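# A look at the structure
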Amino acid sequence: MSERGAPVVVVGAGLAGLACAVALHQAGVPVRVFEAAEAVGGRVRSDRVDGFLIDRGFQVLATSYPEAQRQLDLEALALGRFCPGALIQQRGRRLRFLDPARRPGELLRTLTSGVMPLRDQLRLLALRHDVSRGSLERLYTRPEETTRARLARRGFGARAVETFFRPFLAGVFLESELESSSRFFDFAFRHFATGDAALPERGMEAIPRQLAGRLPGDCVRTGASVEAVTDDGVRVSGQHVAASAVVVATDGEVARRLVPELPAVAHRSTTCLHFAAERDPVGEPVLVLDGEGKGPINHLCVPSAVQPSYAPPGRALVSANLVGDAERSDDALVRRVRVQLEGWFGPEVARWRLLRIDRIQRALPRQTVGWLEPVERRARLGARLFVCGDHRDMASLHGALRSGRRAAEELIHERSSKSMRAEGATA
């Protein structure tokens, strides 16, 4: 098959690969997608377990992500939304700390919650205004430092940092030391301040399934592991597949195995324990943060309070989330988690049934200072080789979607430029 007649091959059917394939298909470029797993989605997957809908690890969609608004049909996802803010678990109490800008009725309770002094709450409002205005590019070009240094420079005291920012951001960064880039902090805080954290009615996997539904039925092949990228295509399960161009849209570790010249990507890990409960122990769709830092749980939520479809009628799904590598022994881990949960919710925890433990080793690329410079790396590595994924952009659903779209646009531009050069040579 000639280069002109061969399709573009996209390696990986996660959000980046699907976004790339959809953009190529909509531009009239023939495309094939190979995915090693049994289904599309990459890390964004959901499963049915004993009637419960369980996402693989704690995941939410921020409705203010520009790429989500651009590429997804948010209405069709039938989103359920978390309350903006959090409950802080501390010394046997749950302190209420909701966003008064979007929950004006909560203003007095938030001001008197004890989560942080009034002066720090005023600093929080100023921070919210600062990161919400202007373009993302403005945030990306600011001087970079660690998130902890950024919070200190803005004057936040130790109580505000340890009680609110540390557990809240640990759930985003998947690290508790707040060493992640201040640019990542600005990006994340902007979107949680201006939009909702939401769950689709059919689970987070509904997002990649929606994208895959825009492609021809024979476009995506699952259970097909790409073993190598060659000069004129890829090797899939021992067979050569010709390609006019190849887009590697896997996670950073697999991408580097296929394309050794790529930089190494370090990842954060997380563990999530899912329980079946007889009732919702929180009583509302809101995140519960560990404000004491004693762990092992960093944050907890009841996904079925956000989306009733996540649990059978009359039951509740409770998800407890840990940052980093958990104990190797499942039994020891569950015992420690139950002790902490009983301190929060009392003896009813003994009746909760463990549904599953998700241990996700490569949950998120590390966004340390200097890692992404520039923030949005070019997709083109060669005349016919491109790469995309959240390790090439801000590590998020937005970054994955944007990286995939930009890879398609660079590829289309390259093909157009090549075609123009060929026409000029024959004129």
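So, here's what we can say about the structure. (Residues numbered from 1 in each chain as written. Predicted model: local features only at pLDDT ≥ 70, side-chain atom pairs only at ≥ 80, totals over all residues. Heavy atoms only, no water.)

## Some points on the overall build of the protein
Check the secondary structure of the protein and you find 13 helices and 21 strands. Computed over its C-alpha atoms, the radius of gyration of the protein comes to 23 Å, within 12% of the 22 Å expected for a compact globule of 427 residues. Each of the three principal axes of the protein carries a C-alpha extent, and together these read 75 × 45 × 40 Å. Put simply, the protein has 427 residues, and 58% of those count as buried. Charged side chains in the protein number 61 positive and 51 negative. The centres of these two groups are separated by 3 Å. (Helix = DSSP H or I, 4+ residues; strand = E, 2+ residues; numbered from the N terminus. Rg over C-alpha atoms; globule rule 2.2 N^0.38 Å. Buried < 20%, exposed > 50% of the residue type's maximum accessible area, 1.4 Å probe, protein only. Lys, Arg positive; Asp, Glu negative; His and termini not counted. Charge placed at Lys NZ, Arg CZ, Asp CG, Glu CD.)

## Focus on the packing of aromatic side chains
What the rule picks out here adds up to 13 aromatic pairs. Measuring from ring centre to ring centre gives 5.2 Å for Phe164 and Phe165, while their planes differ by 65°; the resulting arrangement is edge-to-face. Both residues of the pair, Phe164 and Phe165, count as buried. Between Trp344 and Phe345, the aromatic rings sit 6.2 Å apart at their centres with planes inclined by 75°, giving edge-to-face as the arrangement. With respect to burial, Trp344 and Phe345 carry one shared label: buried. (Phe/Tyr/Trp six-rings, centres within 6.5 Å; stacked < 30°, edge-to-face > 60°.)

## Quick notes on a nonpolar patch on the surface
Where nonpolar side chains cluster on the molecular surface, the patch consists of Leu107, Leu111, Leu118, Leu122 and Leu125 and spans about 440 Å² of accessible area. Among the elements of the structure, α3 (107–111) and α4 (118–132) are those that each provide at least two residues to the nonpolar patch. The dominant element in the nonpolar patch, judged by the number of residues it contributes, is α4, at three residues. Secondary-structure assignment places Leu122 in helix α4. (Patch = residues over 30% accessible without salt bridge, like charges linked within 9 Å, V, L, I, M, F, W, Y side chains within 5 Å. Areas by Shrake-Rupley, 256 points an atom, 1.4 Å probe, with all protein chains shown as cover. Salt bridge = Lys/Arg side-chain N within 4 Å of Asp/Glu carboxyl O.)

## A short note on the packing of α4 against helix α8 (residues 182–194)
Put simply, α4 and α8 touch, their axes get as near as 9 Å, and they point 100° apart. One finds that α4 runs roughly perpendicular with respect to α8. Residues Leu124, Leu127, Arg128, Val131 and Ser132 of α4 pack against Phe185, Asp186, Phe189, Arg190, Ala193 and Thr194 of α8. Looking at side-chain class alone, the contact of α4 with α8 contains six nonpolar, two polar and three charged residues. (Axes fitted to C-alpha atoms, helices over the stretch in contact; angles between N-to-C directions. Parallel < 35°, antiparallel > 145°, perpendicular 65-115°, else oblique. Contact = heavy atoms within 4.5 Å. Nonpolar A, V, L, I, M, F, W, Y, C, P; charged D, E, K, R; others polar.)

## Observations regarding unusual backbone geometry
Backbone geometry follows two general trends: most residues other than glycine have a negative phi, and most peptide bonds adopt the trans configuration. Here the residue pair Gly295 and Pro296 is connected by a cis peptide bond, since its omega of 10° sits within 30 degrees of zero. Examined against the element boundaries, Pro296 turns out to sit in the loop between β16 (287–290) and β17 (299–301). One non-glycine residue with positive phi stands out, namely Ala78, at about 50°. Of note, Ala78 is situated in the loop between α2 (66–71) and β6 (80–81). Residue class for Ala78 comes out partly exposed when judged on its relative accessible area of 30%. Notably, Leu174 is not glycine yet its phi reads approximately 60°, a positive angle. Of note, Leu174 is situated in the loop between α7 (158–173) and α8. Using a relative accessible area of 13% as the deciding quantity, one classes Leu174 as buried.

## Brief notes about the pairing of strand β4 (residues 52–55)
The side-chain alternation of β4 yields two buried faces, one formed by Phe52 and Ile54 and the other by Leu53 and Asp55. Pairing of strand β3 (residues 46–49) with β4 involves four bridges; the strand directions are antiparallel. Bridging from a neighbouring strand, Arg48 pairs with Leu53 of β4. (Pairing = 2+ DSSP bridges.)

## Some remarks on the packing of α7 against α8
Relative to each other, α7 and α8 sit at 100°, their axes nearing to 11 Å. Compared by their axis directions, α7 and α8 come out roughly perpendicular. For the pair α7 and α8, the contacting residues are Phe165, Phe168, Leu169, Val172 and Phe173 in the first and Phe184, Phe185, Ala188, Phe189 and Phe192 in the second. Classifying every residue of the contact of α7 with α8 gives 10 nonpolar, no polar and no charged.

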